[in-house]
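Geometric and topological summary
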Amino acid sequence: MTATRPDNEAIFHAAREISDPDRRREYVREACGGDEARTAHVEALLAVADAPDSLLDCPAGQARATIDQAPGTCAGTVIGPYKLLQQIGEGGMGVVWMAEQTQPVQRKVALKVIKPGMDSMQVIARFEAERQALAMMDH
């Protein structure tokens with residue numbers, strides 16, 4: 001009789017219950033049976049699950065670091081895990097860019113860069129509502 005390995009979802013949920021980061025990494029490596037691609041996949045899922053769901057969930061210092069920066073917003077600029085590729089729109093709150101996300105997964109995304117000075121709690125709340133609406137769309 002052969003033992004069956006747990007699937008990625010089972011590993012993910014079990015790992016979420018482990019609060020110590022070192023023990024969590026050790027568990028994921030063991031549960032994935034040394035499969036590096038599988039381990040990386042589960043760790044990327046965990047990183048996304050552990051990330052704040054909202055700008056308002058971020059500690060004040062983290063959120064402000066992005067908002068207060070006045071990056072030379074041009075193609076090639078790197079903001080956090082995003083590399084700006086091309087501008088695709090502009091509105092009252094900011095500029096929308098096609099960007100390449102590099103962490104925790106690599107993909108193309110639309111990234112809105114809020115204009116300097118638009119960092120009031122009211123504007124951030126509006127931005128968050130817009131983000132939630134877009135996340136619910138199937139696009």
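Everything below is about the structure printed above this text.
Our subject in this report is the structure included herewith. Being a predicted model, the structure only gives us computed values, none of them experimental.

1. Things to note about the sheet that holds strand S4 (residues 107-114)
- The antiparallel open sheet is built from 4 strands, whose spatial order is S1-S2-S3-S4. At either end of the open sheet lies a strand with only one pairing partner, and these are strand S1 (78-79) and S4.
- For S1 and strand S2 (residues 82-90), the ladder comprises 2 bridges, and the chain directions are antiparallel. What sits directly across from Ile79, in S2, is Tyr82.

2. Some thoughts on the environment of Arg24
- Among the secondary structure elements, Arg24 is positioned in helix H2 (residues 21-31).
- Taking the C-alpha atoms as reference points, Arg24 and Glu43, 19 residues apart in sequence, are found 9.4 Å from one another.
- Among all residues touching Arg24, those that are not within four sequence positions of it are Ala15, Arg16, Ile18, Leu46 and Asp50.

3. Here we look at the packing of H2 against helix H3 (residues 36-50)
- Orientation of H2 relative to H3, taken along the N-to-C sense of each, is 145°, at an axis distance of 9 Å. Considering only the axes of H2 and H3, their crossing is right-handed. Within the contact between the two elements, H2 uses Arg24, Arg25, Val28, Arg29 and Ala31 and H3 uses Arg38, Thr39, Val42, Glu43, Leu46 and Asp50.

4. Considerations on helix H1 (residues 8-16)
- Listed in full, the buried residues belonging to H1 are Ile11, Phe12 and Ala15. One face of H1 carries all of its buried residues, which in axial projection span an arc of 100°.
- Buried positions along H1 lie against H2 and H3.

5. Points about the pairing of strand S3 (residues 94-101)
- Pairing geometry for S2 and S3, over 7 bridges, is antiparallel. The residue of S3 that forms the bridge with Gln86 is Met98.
- Where S2 folds back onto S3 in an antiparallel hairpin, the turn is made up of 3 residues.
- In the sheet, S3 pairs with S4 via 8 bridges, with the strands oriented antiparallel.

6. Some thoughts on the environment of Arg29
- Following the sequence through the fold, Arg29 ends up in helix H2.
- Along the sequence, Arg29 and Ala40 sit 11 residues apart, while their C-alpha atoms lie 9.1 Å from each other.
- In contact with Arg29, not counting residues within four places along its chain, are Gly34 and Thr39.

Definitions and limits used
- Residues numbered from 1 in each chain as written.
- Predicted model: local features only at pLDDT ≥ 70, side-chain atom pairs only at ≥ 80, totals over all residues.
- Heavy atoms only, no water.
- Pairing = 2+ DSSP bridges.
- Helix = DSSP H or I, 4+ residues; strand = E, 2+ residues; numbered from the N terminus.
- Contact = heavy atoms within 4.5 Å.
- Axes fitted to C-alpha atoms, helices over the stretch in contact; angles between N-to-C directions.
- Left-handed = near helix turned anticlockwise from the far one by under 90°.
- Buried < 20%, exposed > 50% of the residue type's maximum accessible area, 1.4 Å probe, protein only.
- Arc of directions from axis to C-beta.

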